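Reading the structure
Listed below, chain by chain, are the residues.
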Amino acid sequence: MTTVALEDRRVGEVLVDFRDVGMTYQGGTLALEHIDVTVRRGEFVTVVGPSGCGKSTLLRIAAGLERETAGECDTRTDRVGFVFQDATLLPWRSVQQNVELLAELNGRSRAERAVTAREAIDLVGLSGFEKSMPRELSGGMRMRASLARSLTLDPDLFLFDEPFGALDEITRQRLNDELLRLFVAKGFGGLFITHSVAEAVYLSTRVVVMSGRPGHVVDVVDVPFDMPRDPDIRYTPEFGDLVGRVSHSLKEAHA
Ligand SMILES: Nc1ncnc2c1ncn2[C@@H]1O[C@H](COP(=O)(O)OP(=O)(O)O)[C@@H](O)[C@H]1O
Ligand SMILES: [Mg+2]
């Protein structure tokens, strides 16, 4: 059994570390409490929990877009990719121009941008659609473009806020496989939010289960299958057991 990407790469350094993190918004909403989560390079950590439990807050803190009010979140890299539920493409720019956006904002030359964007477009399987406008793309393709845009940063830490939640099941599964292929190829650390227990187990090396608000961690489940995953593991008893455990923990937390 080979756990791909875990030997050759500089696997294992901590990319983000939440230590007893709490978050109270101005106005008094207590969103998060006592969060301890660590993501290392080569780990894909998924957080599942009900709406409003603070999942997006957690990601925004990791990205430095929000400041924790208790404990400490230590993000140890500047190269952080962020993919949101909405693809957030600029409607007046082509796929190529959208994917170049971050490099453009970072002041990269036109030539450098073009090369980086083309590579990223190729990696997400959108070659041939460089000149397409967002409105001409399916939801899945828009999400691929959004992924490509973040990939141009070559992130060490990749944050995903329910990116595939609005997609149909088949498209979602396909994108799950694409994402794991990228994960193995690039060796980043992933922190992924989802409502889907099956998606969480399929994608992750570790699943973190959160309670309702104020969100705290109620269970942590390691997922031992090789990466990238064989789609057929979904039909194995071992996979079913893990899905069962995560579902049970979610239910217990909300009983
Ligand atoms: N900027 C904000 N100001 C005040 N309250 C907020 C803000 N953002 C989120 N909240 C509140 O914090 C809680 C957690 O929100 P969020 O992190 O978006 O949860 P989730 O992503 O799990 O649905 C919710 O009750 C939400 O209303
Ligand atoms: Mg959210």
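The shown structure was predicted, so the numbers you read here are calculated from the model rather than taken from an experiment.

A closer look at the sheet that holds strand E2 (residues 30–40)
Pairing within the open sheet is antiparallel, and its 3 strands lie in the order E2-E1-E4. The sheet terminates laterally at E2 and strand E4 (70–75), the two strands that pair on one side only. Ignoring which end each strand starts from, the neighbouring axes of this sheet average 15 degrees apart. Of the pairings in the sheet, the one linking strand E1 (residues 14–24) to E4 comprises 5 bridges and is antiparallel in character. The residue bridging Asp17 from the neighbouring strand is Asp74, located in E4. Contacts from helix H1 (residues 55–63) reach E1, E2 and E4, with the element oriented near 125 degrees to E1.

Some points on the domain arrangement of the protein chain
Once the domains are mapped, the protein chain shows domain 1 (6–79 + 155–253) and domain 2 (89–153). For domain 1 versus domain 2, the distance between C-alpha centres works out to 25 Å. Facing the 15 residues of domain 1 at the interface are 10 residues of domain 2. Summing both sides of the interface, domain 1 and domain 2 together bury roughly 1,100 Å²; the carbon and sulfur share of this comes to 76%. Among the residues of domain 1 in contact with domain 2, Phe158, Leu175 and Leu182 are the three that bury the most area, contributing 37% of the side total. At the boundary of domain 1 and domain 2, one finds 1 salt bridge. The salt bridge involving Arg144 is made with Glu178; its shortest N-O contact spans 3.8 Å.

Thoughts on the site of ligand 1
Lining the immediate environment of ligand 1, one finds 13 residues, of which Gly52, Gly54, Lys55, Ser56 and Thr57 sit closest. A distance of 2.6 Å separates an oxygen atom of ligand 1 from a polar backbone atom of Gly52. A distance of 2.5 Å is found between an oxygen atom of ligand 1 and a side-chain nitrogen or oxygen belonging to Thr57. Of all the elements, H1 adds the most residues to the shell around ligand 1, at 4 residues.

Re the nonpolar core
Nonpolar side chains in soluble globular proteins tend to end up buried together. One finds Phe44, Phe160, Leu179, Phe188, Val201, Val207 and Val246 to be the most contacted residues of the largest nonpolar core, which totals 48 residues. The residue makeup of this core includes at least three contributed by each of domain 1 (6–79 + 155–253) and domain 2 (89–153). Ignoring any residue separated from it by four or fewer positions in sequence, one finds Val246 in contact with Val48, Val197, Val201, Val207, Val209 and Val221. In this structure, Leu15, Leu32, Ile35 and Cys73 belong to the second largest nonpolar core, which totals 26 residues.

As for the pattern of salt bridges
Counted under the stated rule, the structure contains 18 salt bridges. Arg79 serves as the salt-bridge partner of Asp154, at 3.8 Å between the closest nitrogen and oxygen. Taken together, the residues span a long stretch of sequence, with Asp154 in the loop between helix H5 (139–151) and strand E6 (157–161) and Arg79 in the loop between E4 and strand E5 (80–83) at a distance of 75 residues. Look at Asp154 and you get partly exposed, because its relative accessible area is 37%. Given the relative accessible area of 39%, Arg79 is considered partly exposed. A single network of salt bridges, built from pairs that share partners, joins Glu13, Arg41, Arg79, Asp154 and Asp156.

Details of the environment of Asp36
Structurally, Asp36 can be placed in strand E2. A residue is classified by how much of its surface remains accessible, and Asp36, at 51% relative accessible area, is exposed. Between the C-alpha atom of Asp36 and that of Asp232, which follows or precedes it by 196 residues, the distance is 32 Å. Here Asp20 takes part through its backbone nitrogen, which lies 2.8 Å from a polar atom of the side chain of Asp36.

As for the sheet that holds strand E3 (residues 44–48)
Within the open sheet, the 6 strands sit side by side as E5-E6-E7-E3-E8-E9. Their pairing is mixed. Each having just a single partner strand, E5 and strand E9 (217–222) make up the two edges of the open sheet. Going from strand to strand, the sheet's axes swing by 15 degrees on average, the running direction of each strand aside. Where E3 lies against strand E8 (residues 206–210), 4 bridges are found, and the strand directions are parallel. Bridge pairing in E8 links Thr46 to Val207. Contacting E5 and E6, H5 runs over the sheet at an angle of about 165 degrees to E5. Along the sheet, helix H8 (residues 237–254) contacts E3, E8 and E9; its crossing angle with E9, the most-contacted strand, is approximately 175 degrees.

Each value, and the rule that gives it
- Residues numbered from 1 in each chain as written.
- Chains lettered and ligands numbered in written order.
- Predicted model: local features only at pLDDT ≥ 70, side-chain atom pairs only at ≥ 80, totals over all residues.
- Heavy atoms only, no water.
- Pairing = 2+ DSSP bridges.
- Helix = DSSP H or I, 4+ residues; strand = E, 2+ residues; numbered from the N terminus.
- Axes fitted to C-alpha atoms, helices over the stretch in contact; angles between N-to-C directions.
- Contact = heavy atoms within 4.5 Å.
- Domains from an automatic or database assignment.
- Buried area = accessible area lost by both parts, 1.4 Å probe.
- Salt bridge = Lys/Arg side-chain N within 4 Å of Asp/Glu carboxyl O.
- Near = heavy atom within 4 Å.
- Polar contact = N/O pair within 3.5 Å; in protein donor to acceptor, adjacent residues only side chain to side chain.
- Core = buried A, V, L, I, M, F, W, Y, C linked by side-chain atoms within 4.5 Å.
- Buried < 20%, exposed > 50% of the residue type's maximum accessible area, 1.4 Å probe, protein only.

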